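Overview (structure and organization)
Single-letter residue listing:
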Amino acid sequence: MPSFRTGTVTEILAQRAGLQRVLVGSERAYVLTQLTGDVAPGDEVVMNTTAVDLGLGTGGWHVVHWNLSRREWSEPGPGHILKLRYTSLQVDTGAREEEAPPPDDLDGTPVVACFLHSQLPAVAAAFKSLAPGARLAYVMTDGAALPLALSDLVAELRDRSLLDLTVTAGHAFGGDAEAVNLHSALLVARGAGADAIVAGIGPGVVGTGTAYGHTGLGVVDIVEATFSLRGAPIVALRVSDADPRERHRGVSHHAQEALDLLSAPPAIPAPDDATPDAVALFAEHDLTVTTMGRRAEEERAFFQYAAAAGAAAAHALARD
């Protein structure tokens, strides 16, 4: 069951569109302003403390659930499509499909499927290094974090012109465009002018140690959707030389189990001498990237496989 606690905002630590990071007393919390409005020092707020209380991977941040300093708040959305439906935080995000129908298929568009959010910067940086004039869209699924505003990586990639468009699918929200489901999100990205797409979960990953109880299986959905929509699926393989858990050493069991479920083989590129150096690209763009708490220099294989997928998407455009 969820846990809640009340406290007073003492400091605004940082803010950007859709997100504030604050101190409530001496504890860190973030505010999803699209759902609750913003807060100011002195405001009394209710925080959801569940994840921190359980010691889960939220980085030690509570979530502001409501600002008690206001009696009401309203910010009408652009349409009648709700996300987080039938919860107390349901929000009228609208959906791009309400505005205009997207194309009927992907017409060969390369789609890179990621297992982890931390693969995204290597895919994007490698793609842009080889296809600087091409438009790259990120489709964020609803398998992990739901608010796109929470992703520091997406904010940095947008600031550095390494991502051109974001689309949030299903109950994920906060992208440049909202879409009702994964299939439609891919088509919305294509219709908005994306030459290539990278798709995957937002921050956070769920794993139970079982064969199928993990969010890595979201890659199956992305690949199968891409095939069905006449796109060209590419998998950014999850590989590690540094993970202390044996099941994630080499090719992660999450990746192997997902690949075993596919009805047809996608492209699964491996890095070679021509693959852009992900660590060098991060330095070039002043990006600090980690995965599972490990720096890029410690996880070269992990990021090089993601860079190889980004490079493959760029090469696919060149062949066209």
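Residues numbered from 1 in each chain as written. Predicted model: local features only at pLDDT ≥ 70, side-chain atom pairs only at ≥ 80, totals over all residues. Heavy atoms only, no water.

Concerning the overall build of the protein
Broken down by element type, the protein carries 10 helices and 17 strands. Its C-alpha atoms put the protein at 60 × 45 × 40 Å along the principal axes. Counting only residues that meet the buried cut, the protein has 50% of its 320 residues in that class. For the protein, the proportion of contacts with a sequence separation of at least 24, taken over those separated by at least 6, is 68%. (Helix = DSSP H or I, 4+ residues; strand = E, 2+ residues; numbered from the N terminus. Buried < 20%, exposed > 50% of the residue type's maximum accessible area, 1.4 Å probe, protein only. Contact = heavy atoms within 4.5 Å.)

Considerations on the nonpolar core
Counting 41 residues, the largest nonpolar core has V112, F127, Y138, V198, F282 and F303 as the members making the most contacts within it. Where this core is concerned, the elements lending two or more residues are β8 (110-114), α4 (120-130), β9 (136-140), α5 (152-159), β12 (196-200), β13 (232-236), α9 (278-284) and α10 (300-319). Counting residues per element, this core draws most heavily on α10, which supplies eight residues. Contact partners of F282, with chain neighbours within four places excluded, come to P121, A122, L287, V289, A296 and F303. In terms of nonpolar packing, the next biggest core, distinct from the first, is built from 35 residues, A189, I222, L229 and L237 among them. (Core = buried A, V, L, I, M, F, W, Y, C linked by side-chain atoms within 4.5 Å.)

Focus: the pattern of salt bridges
On inspection of all chains with the given rule, the structure shows 14 salt bridges. E27 is paired through a salt bridge with R5; the nearest N and O atoms lie 2.7 Å apart. Note that E27 is positioned in strand β3 (residues 27-32) and R5 in strand β1 (residues 4-16), a separation of 22 residues in sequence. (Salt bridge = Lys/Arg side-chain N within 4 Å of Asp/Glu carboxyl O.)

Focus: the packing of α4 against α5
The interhelical angle for the contact between α4 and α5, taken along N-to-C directions, is 15°, at an axis separation of 10 Å. On the basis of the axis angle, α4 is roughly parallel to α5. Both α4 and α5 take part in a crossing whose hand is right-handed. The segment α4 lies against α5, with L120, P121 and A124 engaging L153, V154 and L157. Of the residues in the contact of α4 with α5, the class split is six nonpolar, no polar and no charged. (Axes fitted to C-alpha atoms, helices over the stretch in contact; angles between N-to-C directions. Parallel < 35°, antiparallel > 145°, perpendicular 65-115°, else oblique. Left-handed = near helix turned anticlockwise from the far one by under 90°. Nonpolar A, V, L, I, M, F, W, Y, C, P; charged D, E, K, R; others polar.)

Focus on the packing of aromatic side chains
All told, the structure shown has two aromatic pairs when counted by the stated rule. A ring pair is formed by F302 and F303, whose centres lie 4.9 Å apart and whose planes are at 85°; its orientation type is edge-to-face. The pair formed by F302 and F303 is uniform in burial state, with each residue classed as buried. Through a chain of ring-to-ring contacts, three or more aromatic side chains come together here, namely F282, F302 and F303. Seen from the ring of W61, R21 lies directly overhead, with NZ or CZ sitting 4.7 Å from the centre. (Phe/Tyr/Trp six-rings, centres within 6.5 Å; stacked < 30°, edge-to-face > 60°. Lys NZ or Arg CZ within 6 Å of the ring centre and 35° of its normal.)

As for the sheet that holds β12
As summarised here, the arrangement of the six strands in space is β11-β10-β9-β12-β8-β13, forming an open sheet in which the pairing is parallel. The open sheet has two edge strands with one neighbour each: β11 (177-179) and β13. Direction aside, neighbouring strands of the sheet carry axes that sit 25° apart on average. Across four bridges, β9 lies against strand β10 (residues 165-169) in parallel orientation. (Pairing = 2+ DSSP bridges.)

A closer look at the sheet that holds β3
The five strands are arranged β1-β2-β3-β5-β4 in a closed barrel whose pairing can be described as mixed. Between one strand and the next, the sheet's axes are offset by a mean angle of 55°, whatever the strand orientation. Sheet analysis places β1 next to strand β2 (residues 19-24), joined by six bridges and oriented antiparallel. Across the sheet, the residue bridging to Q15 is Q20, located in β2.

Let's talk about the environment of G231
Among the structural elements, G231 can be located in the loop between α7 (218-228) and β13. Spatially, the C-alpha atom of G231 lies 9.9 Å from that of L187, the residues being 44 residues apart in sequence.

Describing the side chain of Q119
Along the chain, Q119 falls in the loop between β8 and α4. A polar contact of 3.0 Å, which involves the side chain of Q119, links it to the backbone oxygen of A236. Setting aside residues up to four positions removed in sequence, Q119 forms contacts with C114, A236, L237, R238, F302 and A306. (Polar contact = N/O pair within 3.5 Å; in protein donor to acceptor, adjacent residues only side chain to side chain.)

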